[in-house]
Amino acid sequence: MRRWGTRLAPHRLRHYSTHNSPRIDPFTLLAPQLAELRQSLLSLLDSGHPQLAQITRYYFLHPSKQVRPIIVLLFSRATNGLGRHWERKLSEAQINGPGGRANELDSPFTRPDILNDWNPSQPTCTSSFNSSFFSLHPLPPHRSSPPSRHAYSTAQKPKLYDTEFVLPTQKRLAQIVEMMHTASLLHDDVIDESALRRGQPSAPAAFGNKFSILGGNFVLGRASAALSRLGDAEVTDLIASVLSNLVEGEILQTKAVETEGVLEPAAEKLREHSTKIQDAWNIYLQKTYLKTASLMAKGARAAVTLGGCKEGDIWREIAYAYGRNLGIAFQLVDDILDYDSAASALGKPGGADLQLGLTTGPALYAWEEHPDMGALISRKFEGPGDVEKARDLVARSSALQRTRELAQKYADKAKEVLQQLPDSDAKSALEVLAERVIRRKS
């Protein structure tokens with residue numbers, strides 16, 4: 001896996017520079033929309049079981065960074081109108097039929113005559129269990145598909161539709177990626193035995209492991225049902241694959257790092273040492289993509305796809321490259337903070353990675369400068385005093401600075417790929433978001 005960057009093909013639009021453009025804060029720009037999405041998201045998580053509803057809402061009620069939905073909303077604003085199938089997507093959002101209307105998206109996930117899925121926030125269109133014998137129900141009237149729209153002709157130069165407009169499907173996608181992220185936190189906090197999350201008792205600490213796992217499963221179930229309503233097979237494939245990536249990343253994280261060699265000559269040992277470190281870096285970056293960057297990258301690409309961009313449109317590649325690079329930069333900074341910040345600043349226990357036996361970027365850089373780190377890594381910091389010694393080796397090396405420099409390179413690459421987008425507030429906000437990811441302290 002390469003350390004950074006995704007090569008983009010030339011495109012017919014000229015390159016723009018936003019160096020002299022106003023600096024747009026993404027959180028300020030989207031604050032009203034984020035508040036609205038957060039409120040409506042809570043209604044998607046309601047359940048007829050009060051304790052389940054309490055668990056599934058728990059992390060949503062505490063402030064989060066909301067980086068993932070922000071990426072989705074910003075790329076929607078930055079590219080709507082550019083895709084060859086934009087007119088069709090816009091039409092689907094305005095008429096009866098699959099693929100976009102707000103009331104279509106908000107209709108109950110399951111018909112009450114098929115599955116029991118009681119949602120108190122939708123009392124008129126969901127029902128609780130009925131013990132009476134099942135009887136036949138009339139089928140709902142068939143809804144015809146929306147009329148087809150011609151794609152842009154190759155001679156027509158695409159332009160932004162409205163830099164503040166977001167399709168209903170794109171808004172729902174922003175909620176879905178946040179739901180998937182939060183479900184993964186419910187599961188991660190059980191696996192990692194975390195006591196804190198966002199400065200509050202973690203869900204396992206508050207409700208126990210069993211209910212945290214079930215709560216995460218419930219959120220994934222609701223996210224999956226919402227995903228099926230978006231009406232785009234490619235988007236469904238993209239977001240569904242993130243679930244596999246999360247599991248693969250968690251398994252890969254448990255893989256032991258090979259640190260010991262058998263070759264005796266000094267030159268050979270040095271080469272082998274360098275090779276083992278590079279192998280460890282490859283595994284670490286692959287894990288980082290699977291667990292963190294995948295959702296950001298595929299969420300961004302899905303947002304652009306919902307806006308009518310299809311195979312051959314460069315905007316999808318830009319979105320994916322940005323999300324991939326930003327996601328890796330985000331996790332690298334997270335790994336720095338695990339060594340460099342107190343629990344009060346992080347909102348979760350500091351030094352948790354070492355306690356869990358995880359080898360992250362700072363430890364790998366320290367291993368390059370202090371071979372003694374290899375023995376600690378190989379036994380996953382489980383020996384007496386290993387955690388303290390590892391922290392000391394990192395502190396006595398340039399590991400944190402080098403990790404920050406690598407994160408900066410990924411963030412710079414994320415900004416670089418944006419240059420092919422037309423100028424807009426959303427584009428400027430995406431650049432600022434990359435900078436804020438690097439500067440964050442929690």
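Here the structure is shown first, and the text comes after it.
Residues numbered from 1 in each chain as written. Predicted model: local features only at pLDDT ≥ 70, side-chain atom pairs only at ≥ 80, totals over all residues. Heavy atoms only, no water.

### Quick look at the overall build of the protein chain
- Across its full length, the protein chain carries 18 helices and two strands.
- Put simply, of all contacts in the protein chain between residues at least 6 apart along the chain, 80% involve residues at least 24 apart.
- Of the roughly 20700 Å² that the protein chain leaves accessible, carbon and sulfur atoms contribute 54%. (Helix = DSSP H or I, 4+ residues; strand = E, 2+ residues; numbered from the N terminus. Contact = heavy atoms within 4.5 Å. Areas by Shrake-Rupley, 256 points an atom, 1.4 Å probe, with all protein chains shown as cover.)

### Points about the nonpolar core
- Counting residues in each nonpolar core, the largest one holds 72 residues, and the members touching the most others are Ile71, Phe75, Leu173, Ile239 and Tyr322.
- In terms of residues, this core owes the most to one element, helix 6 (residues 168–191), which gives nine residues.
- Listed in part, the 35 residues of the second largest apolar core include Ala293, Ile377, Phe381 and Val394. (Core = buried A, V, L, I, M, F, W, Y, C linked by side-chain atoms within 4.5 Å. Buried < 20%, exposed > 50% of the residue type's maximum accessible area, 1.4 Å probe, protein only.)

### Things to note about unusual backbone geometry
- Here the phi dihedral of Glu193 falls at roughly 55°; this positive angle occurs in a residue that is not glycine.
- The topology assignment puts Glu193 in the loop between helix 6 and strand 1 (196–197).
- Exposure remark for Glu193: the relative accessible area of 71% places this residue in the exposed category.
- One non-glycine residue, Phe381, lies in positive phi territory at about 55°.

### Focus on the environment of His85
- As for its position among the elements, His85 is in the loop between helix 3 (67–79) and helix 4 (86–94).
- Given the relative accessible area of 23%, His85 is considered partly exposed.
- Separated by 224 residues in the primary sequence, His85 and Cys309 have C-alpha atoms spaced 6.3 Å apart.

### Things to note about the packing of helix 11 (residues 314–340) against helix 18 (residues 425–439)
- Look at helix 11 against helix 18: their axes get within 9 Å of each other, and the N-to-C directions meet at 20°. Comparing their axes, helix 18 and helix 11 come out roughly parallel. Helix-helix and strand crossings are classified by hand; for helix 11 and helix 18 the assignment is left-handed. Contacts between helix 11 and helix 18 pair Tyr322, Leu326, Ala329, Phe330 and Val333 from the former with Leu430, Leu433, Ala434, Val437 and Ile438 from the latter. (Axes fitted to C-alpha atoms, helices over the stretch in contact; angles between N-to-C directions. Parallel < 35°, antiparallel > 145°, perpendicular 65-115°, else oblique. Left-handed = near helix turned anticlockwise from the far one by under 90°.)

Interpretation in functional terms is not warranted from these geometric data alone.
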